[in-house]
Amino acid sequence: MSSRKSLFVAGLFVLSLVAIGLMGCGDDDKGTSTNPNLLSGEDYVATTSQVNGLVDSTISVVADGLASVLSGVAGDDDIATQMPGIFYGPGLPGDGSYDDTWLVVTAAQLSASGTVYYLDSLQFSVNGVPQTTSVGAENLELRHLWRVTTDDTTASYTDYETTGTLEFEGVDGDLATVSGTLTLEVESKEVGTTTEWNTWEITIDLTGVTVDKTTGSWTNGCPGQGTIDATVSLTTQVGQDNPTVTEYEYTITIEDGTATVAAVSGTKSATYSVDFCSAPSAN
């Protein structure tokens, strides 16, 4: 799942569909070290992978937002219309109307198996007043949508959809603070001797997540500190059996790109740590 690639290249918002294809939130390739607690098993391992994947993807989106500030994005419609997948206009579908202070970055990739669709809407502001350039901006609002849909649902497949809003404060200084909420829905079907369906519904809330510009970590969005709370509902059905629902809660405390995580489900719990990124040192 992991994607440490920025979707905004050289400040021109040139979208790479290869990078977009890596922005999903499936199996995460980062290792975890799990304490021998009661909370274990395939469902927990798979759920942890989805949560880690969403957090890692969110850090990539944070990096993209901060890269847009560093690039000094111009509000020049002529430039915007010349770049593929870039325009001023409506943001997330059904999310209200927008004026031309919203910069929209979008792309779709069609394949034999399905569709990958990506859309980000960005708005810069000074003293609460929206503007069409990042130059001198104090705050940034970023609305995110990422979707993967499969055409053939008779075979094994996994579909994803991530939506949410991130608020960046203090982007005119050396320490940006990020807050917001993102949701991820994963629908998975595994065809075998017995067909199994799994649906994850995950919500993460970011609180006090900071990124320090002075260490150079704005270029990769690596958080210096902050907390991310995740709630998860996993619905599983095997064959013709009745579906079962399992609830999880994750408390993720980040320091210098490393997360200490406490996971709870009912009376069971576990802890682990994972390195999401490395914030460059000031030296």
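Before going into details, it helps to say that this report is about the structure given with it. (Residues numbered from 1 in each chain as written. Predicted model: local features only at pLDDT ≥ 70, side-chain atom pairs only at ≥ 80, totals over all residues. Heavy atoms only, no water.)

**Quick word on the environment of threonine 236**
Along the chain, threonine 236 falls in strand β9 (residues 225–238). Along the primary structure threonine 236 and lysine 189 are separated by 47 residues, whereas in three dimensions their C-alpha atoms are 10.0 Å apart. The residues contacting threonine 236, other than those within four sequence positions of it, are Asp43, Glu196, Trp197, Asn198, Asn242, Pro243 and Thr244. A polar contact of 2.7 Å, which involves the side chain of threonine 236, links it to the side chain of asparagine 198. (Helix = DSSP H or I, 4+ residues; strand = E, 2+ residues; numbered from the N terminus. Contact = heavy atoms within 4.5 Å. Polar contact = N/O pair within 3.5 Å; in protein donor to acceptor, adjacent residues only side chain to side chain.)

**Regarding unusual backbone geometry**
In terms of backbone geometry, most residues other than glycine have negative phi values and most peptide bonds are trans. In this structure, asparagine 127 is a non-glycine residue whose phi angle is positive, near 55°. When you line up the elements, asparagine 127 lands in the loop between β3 (114–126) and β4 (129–131). Phi is positive for aspartate 256, close to 50°, though the residue is something other than glycine. Topologically, aspartate 256 is positioned in the loop between β10 (244–255) and β11 (258–265).

**Overview of the pairing of β10**
Two strands pair when backbone bridges link them, and β9 and β10 are joined in this way by 12 bridges, in the antiparallel orientation. Note on β10: the bridge partner recorded for glycine 226 is isoleucine 254. The turn linking β9 back onto β10 is made up of 5 residues, and glycine 239 within it adopts a positive phi angle of 55°. In this antiparallel pair of consecutive strands, β10 and β11, the connection spans 2 residues, and aspartate 256 shows a positive phi of 50°. (Pairing = 2+ DSSP bridges.)

**Digging into the pattern of salt bridges**
On inspection of all chains with the given rule, the structure shows 2 salt bridges. Between glutamate 141 and arginine 143 there is a salt bridge whose closest N-O contact spans 2.6 Å. Looking at glutamate 141, the relative accessible area reads 14%, which means it is buried. For arginine 147, the salt bridge is made with glutamate 161, and the minimal N-O distance between the two is 2.6 Å. With arginine 147 in strand β5 (residues 139–150) and glutamate 161 in strand β6 (residues 157–169), this residue pair connects regions lying 14 residues apart in the sequence. Overall, arginine 147 belongs to the partly exposed group, its relative accessible area being 28%. (Salt bridge = Lys/Arg side-chain N within 4 Å of Asp/Glu carboxyl O. Buried < 20%, exposed > 50% of the residue type's maximum accessible area, 1.4 Å probe, protein only.)

The analysis is restricted to geometry; functional conclusions fall outside its scope.
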